[in-house]
There are 2 protein chains.
Amino acid sequence: MISLVILGSGNVATHLFKAFNKAENVKINQWYSRRIDAISSYKNDIEIIDDLAKIKDADAYILAVSDDAISELSSQLPFENKLVLHTSGSVNVYDIDKKHKRGVFYPLQTFSKDTEIDFKHVPICIETIDKKSYPIIKNLAIALGAPTKRVNSDQRKVLHLAAVFVNNFTNQLYRIGHEITESQGAEFDLLKPLILETAKKVQNLSPFKAQTGPAKRDDKKTMLKHLKLLENQHHKDIYQLITNSIQHTHGRKKL
Amino acid sequence: MISLVILGSGNVATHLFKAFNKAENVKINQWYSRRIDAISSYKNDIEIIDDLAKIKDADAYILAVSDDAISELSSQLPFENKLVLHTSGSVNVYDIDKKHKRGVFYPLQTFSKDTEIDFKHVPICIETIDKKSYPIIKNLAIALGAPTKRVNSDQRKVLHLAAVFVNNFTNQLYRIGHEITESQGAEFDLLKPLILETAKKVQNLSPFKAQTGPAKRDDKKTMLKHLKLLENQHHKDIYQLITNSIQHTHGRKKL
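All values derive from a computational prediction rather than experimental measurement.

1. Some details on the overall build of chain A
Of the regular secondary structure elements, chain A holds nine helices and eight strands. Taken along the three principal axes of its C-alpha coordinates, chain A extends 70 × 35 × 30 Å. The buried share of chain A, taken over its 255 residues, is 56%. For chain A, long-range pairs separated by at least 24 residues make up 52% of all intrachain contacts whose partners lie at least 6 apart in sequence.

2. Section: the pattern of salt bridges
Residues and elements named next belong to chain A. For the structure on display, the rule yields 20 salt bridges over all chains. For arginine 175, the salt bridge goes to glutamate 179, with nearest N and O atoms at 2.8 Å. Of this pair, arginine 175 and glutamate 179 are both found in helix α4 (residues 153-183), four residues apart, which corresponds to roughly one turn of the helix. Of the charged contacts in the structure, one is a salt bridge between aspartate 219 and arginine 217, with a shortest N-O distance of 3.1 Å. Assessed through its relative accessible area of 14%, aspartate 219 is described here as buried.

3. Things to note about the layout of surface pockets
By volume, the second largest pocket amounts to about 1300 Å³. Lining the second largest pocket are 43 residues, with A:Val12, A:Val65, A:Ser66, A:Asp67 and B:Arg217 sitting closest to its centre. Top contributing element to the lining of the second largest pocket by residue count: α4(A), with five residues. The residue makeup of the lining of the second largest pocket, split by class, is 15 nonpolar, 19 polar and nine charged.

4. What to know about the nonpolar core
A:Leu108, A:Phe165, A:Tyr239, B:Leu108, B:Phe165 and B:Tyr239 are the most contacted members of the largest nonpolar core, which has 75 residues in total. Those residues in contact with A:Leu108 that sit more than four places away from it in its chain are A:Val122, A:Pro123, A:Cys125, A:Leu159, A:Ala163, B:Leu190, B:Leu191 and B:Leu194.

5. Quick notes on the sheet that holds strand β4 (residues 60-63) of chain B
All names here are of chain B. Strands sit in the order β3-β2-β1-β4-β5-β6-β7-β8 across an open sheet of eight strands; the sheet is mixed. This sheet does not close on itself; its edge strands, each paired only once, are β3 (48-49) and β8 (148-150). With five bridges joining them, strand β6 (residues 101-107) and strand β7 (residues 124-128) adopt antiparallel strand pairing. If you follow proline 107 over to β7, its bridge partner there is isoleucine 124.

6. Observations regarding the interface of chain A and chain B
Each side of the interface is counted separately: chain A has 86 residues, and chain B has 86 residues. Buried area between chain A and chain B, both sides added, is near 8400 Å², and the carbon and sulfur share of it is 68%. Where chain A touches chain B, the interface holds four salt bridges. Of the charged contacts in the structure, one is a salt bridge between A:Asp68 and B:Lys221, with a shortest N-O distance of 3.1 Å. Remark: the boundary between chain A and chain B carries 30 residue pairs in polar contact (both at pLDDT 80 or more). Elements that contribute at least two residues to the side of chain A that touches chain B include exactly α4, α5 (192-204), α6 (207-210), α8 (220-229) and α9 (233-249) of chain A. Ranked by residues supplied to the side of chain A that touches chain B, first place goes to α4(A) with 26 residues.

7. Notes on unusual backbone geometry
With glycine set apart, most residues show a phi of negative sign, and most peptide bonds adopt trans. Although it is not a glycine, A:Asn25 sits at a positive phi angle of roughly 75°. On the basis of relative accessible area, A:Asn25 is assigned to the exposed category, the value being 51%.

8. So, helix α9 (residues 233-249) of chain B
With 17 residues, α9(B) ought to run about 24 Å at 1.5 Å a step, and its terminal C-alpha atoms sit 24 Å apart, in line with that. Counting buried positions along α9(B) gives 12 out of 17 residues, so the element sits mostly inside the fold. Of all the residues in α9(B), the buried ones are B:His234, B:His235, B:Ile238, B:Tyr239, B:Leu241, B:Ile242, B:Thr243, B:Asn244, B:Ser245, B:Ile246, B:Gln247 and B:Thr249. As for α9(B), its buried residues are in contact with α4 and α9 of chain A together with α4 (153-183), α6 (207-210), α7 (214-217) and α8 (220-229) of chain B. Phi for B:Gly251, located one or two positions after α9(B), is positive at around 70°.

9. Re the packing of aromatic side chains
What the rule picks out here adds up to 18 aromatic pairs over all chains. Where A:Phe17 meets A:Tyr42, the ring centres are 5.4 Å apart and the plane angle is 70°; that geometry is what we call edge-to-face. With A:Phe17 in helix α1 (residues 11-22) and A:Tyr42 in the loop between β2 (26-32) and β3 (48-49), the pair connects residues that are 25 residues apart, well separated along the chain. For the ring pair B:Phe111 and B:Phe119, a centre distance of 6.1 Å and an interplane angle of 40° mean the geometry is tilted.

Reading guide: rules and limits
- Residues numbered from 1 in each chain as written.
- Chains lettered and ligands numbered in written order.
- Predicted model: local features only at pLDDT ≥ 70, side-chain atom pairs only at ≥ 80, totals over all residues.
- Heavy atoms only, no water.
- Helix = DSSP H or I, 4+ residues; strand = E, 2+ residues; numbered from the N terminus.
- Buried < 20%, exposed > 50% of the residue type's maximum accessible area, 1.4 Å probe, protein only.
- Contact = heavy atoms within 4.5 Å.
- Salt bridge = Lys/Arg side-chain N within 4 Å of Asp/Glu carboxyl O.
- 1 Å grid on protein atoms, 1.4 Å probe; cavity = no way out; pocket = protein on both sides within 12 Å on 5 of 7 lines; lining within 4 Å.
- Points joined across faces, edges and corners; volume = space filled by probe spheres on them.
- Nonpolar A, V, L, I, M, F, W, Y, C, P; charged D, E, K, R; others polar.
- Core = buried A, V, L, I, M, F, W, Y, C linked by side-chain atoms within 4.5 Å.
- Pairing = 2+ DSSP bridges.
- Buried area = accessible area lost by both parts, 1.4 Å probe.
- Polar contact = N/O pair within 3.5 Å; in protein donor to acceptor, adjacent residues only side chain to side chain.
- Expected span 1.5 Å × (residues − 1).
- Phe/Tyr/Trp six-rings, centres within 6.5 Å; stacked < 30°, edge-to-face > 60°.

See the structure below:
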């Protein structure tokens, strides 16, 4: 049995609380947040605190707080030589105060408040400084049923950067699809099956092989029609830049 | 029972053949391709021809050929006043020779050679000139179990343009995620669950509400780290342009 204190009240903290609370082999001793109101609805499930002086002993402390808060919160913890983990993709593991055993428990997934998360589909990227901490962190991930991958700092930062492309940037392309359709009298809903299929396709096929469309085919007539149809200069710029990128990838000339 | 001739040998033609061949209430009379070798493996299932003079009578003719071939092929058809449909998102319905009854049967989905398609998830956008053709086209879609939407030319062209953003451009962002990870020693596979979850999220939530990440949060520190980490100028340009787009959408200042 691994004992745990969770710190933070955002989406990651909440999803981790719910998942660890159901997990066998893990016992959550406390849930800390500076903003106790944000988690007070869970007070019947777990001891909730907003005072670090009251923090209990545990095998691991998970700081699921904003990137900027990790360093300071870790130094405020009133103990030392215990395993303290952060959950960020981009913060250095050395940002955790050096009085602790330090590690990273980075769930490579998007968390929303209202969406259920199945940790079977949340790869946990694990980073440690001392080797002895690794099995504890790995067992925490296993308790959630999550796949794990040991990474170093550079790999984790690269994964976080790539995640911005495939998640935030992709979502913005969905948003542009929404703007284009709704502003010109078409229904965004009709695009939803295509969005899902596009994501499913690259689960088994490389994005290189999965590519189709006018840019890859170098179908200039269609591309010019599209540019004419776009009303927003911002959308035109994105159309042109990503078209160039596709043509570069697939050995076509620039538009 | 609706009788049908399919023309073309690409992915759309092949998926339509397979689906209509299984459908009740539809009988495929023939499958035509100029390149008969491309479809000869189906010769035990259906009469295959490469000579338009041999084409049989049918209730509808589906031209699932490349955009540029639609006009010419339609004028070569040795009959008139029959229902002739094309399957393109961007070609004008009037590009079909005016000797025919003309319509569009546009499946708004991505088709790959090796991926099975369930037409339950393929919205069929229907366009007709004469109203009497509409029920025949709609019944063809219903026979596939596909949802249908009647659209006009402008709406169809806008949907096709938006599809390029959410499908081809999104796939290129996956490709860039692949390039970034593999070139810097990380595993693209770790991003696959995130790719899928990002697409699932907008099935029930607007892309506006689904957005997260450093651009939306205006987290300058992380954005600068990311730009520094990107080795390829093309990737940097895309990072900056889509970041600006997100910040514009969410009322943040430009990077």
